[in-house]
Amino acid sequence: KVGGVGGGGRGSGAAARALAAGPGVRLIAVADSFEDEVLAGRENLKKRSPEQVAVDDDHCFVGFDGYRKVIDSGPDVVLIACASRFHPSYMKAVIDAGKHVFVEKPHAIDPPGIRVVTAAAEEARKKSLNCVSGLHFRHQPNVH
């Protein structure tokens, strides 16, 4: 079960890639600061993977506390692909909740944020949780 924080283009792209991992993967919740991003992202993903998108209206979250609602909705993995300024604190919250996390680049935009990300990654290691990094073209063999 996957939850997404960031319903726009990058968030929807990360969710589409997660769903492509296998037919048993389900998107169960999405959050964004803007309702139109949540709804459009959900609809675009439903067109691509109708059997895998299980996000009902009650699991479309809008606002700055939406990330917390995604975490609390029961995913195994949380995708963070929203405004970069929020990546460190959202990553920490996901790890604190005992969930695996995918964080899009950049992980942080300032030294205090980097310290939060570093501490969260260390906590994830202690809890045997995965932290996956979104880095442009990282799996593209023809781009070095």
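Residues numbered from 1 in each chain as written. Predicted model: local features only at pLDDT ≥ 70, side-chain atom pairs only at ≥ 80, totals over all residues. Heavy atoms only, no water.

Quick look at helix α4 (residues 87–96)
Step number 1: In terms of residue burial, α4 counts as a mostly covered element, since seven of its 10 residues are buried.
Step number 2: His-87, Pro-88, Tyr-90, Met-91, Ala-93, Val-94 and Ile-95 are the residues of α4 that are buried.
Step number 3: Residues of α4 that are buried make contact with β1 (2–5), α3 (66–72), β4 (77–80), β5 (100–104), α5 (111–126) and β6 (131–134).
Step number 4: Of the residues one or two after α4, Gly-98 is the one with positive phi, at around 80 degrees. (Buried < 20%, exposed > 50% of the residue type's maximum accessible area, 1.4 Å probe, protein only. Helix = DSSP H or I, 4+ residues; strand = E, 2+ residues; numbered from the N terminus. Contact = heavy atoms within 4.5 Å.)

As for empty space enclosed by the protein
Rolling a probe over the atoms, with the probe sized like a water molecule, indicates the empty space that remains.
Step number 1: Considering all chains together, one arrives at one cavity of 30 Å³ or more under this definition.
Step number 2: By volume, the largest cavity amounts to about 70 Å³.
Step number 3: Of all the elements in the fold, those that place two or more residues in the lining of the largest cavity are α1 (9–19), β2 (27–32) and α2 (35–48).
Step number 4: When residues of the lining of the largest cavity are assigned to their parent elements, the largest contribution, four residues, is made by α2. (1 Å grid on protein atoms, 1.4 Å probe; cavity = no way out; pocket = protein on both sides within 12 Å on 5 of 7 lines; lining within 4 Å. Points joined across faces, edges and corners; volume = space filled by probe spheres on them.)

Notes on α1
Step number 1: Counted residue by residue, α1 has eight buried out of 11 residues, so it is predominantly covered.
Step number 2: Against β2, α2, β4 and β5 lie the buried residues of α1.

Regarding the packing of aromatic side chains
Step number 1: Scanning the entire structure with this criterion turns up three aromatic pairs.
Step number 2: Ring centres of Phe-86 and Tyr-90 lie 5.4 Å apart, and the angle between their planes is 15 degrees; this geometry places the pair in the stacked category.
Step number 3: Pairwise contacts between aromatic rings join Phe-64, Tyr-67, Phe-86 and Tyr-90 into one cluster. (Phe/Tyr/Trp six-rings, centres within 6.5 Å; stacked < 30°, edge-to-face > 60°.)

Things to note about the pattern of salt bridges
Step number 1: A full pass over the atoms with the stated rule returns seven salt bridges.
Step number 2: Where Arg-10 meets Glu-104, a salt bridge forms, and the shortest distance between an N and an O atom there is 2.4 Å. Highlighted residues: Arg-10 in helix α1 and Glu-104 in strand β5, separated in sequence by 94 residues.
Step number 3: The exposure class of Arg-10 is partly exposed, given its relative accessible area of 40%.
Step number 4: Residue class for Glu-104 comes out buried when judged on its relative accessible area of 6%. (Salt bridge = Lys/Arg side-chain N within 4 Å of Asp/Glu carboxyl O.)

By themselves, these figures tell us nothing about what the structure is for.
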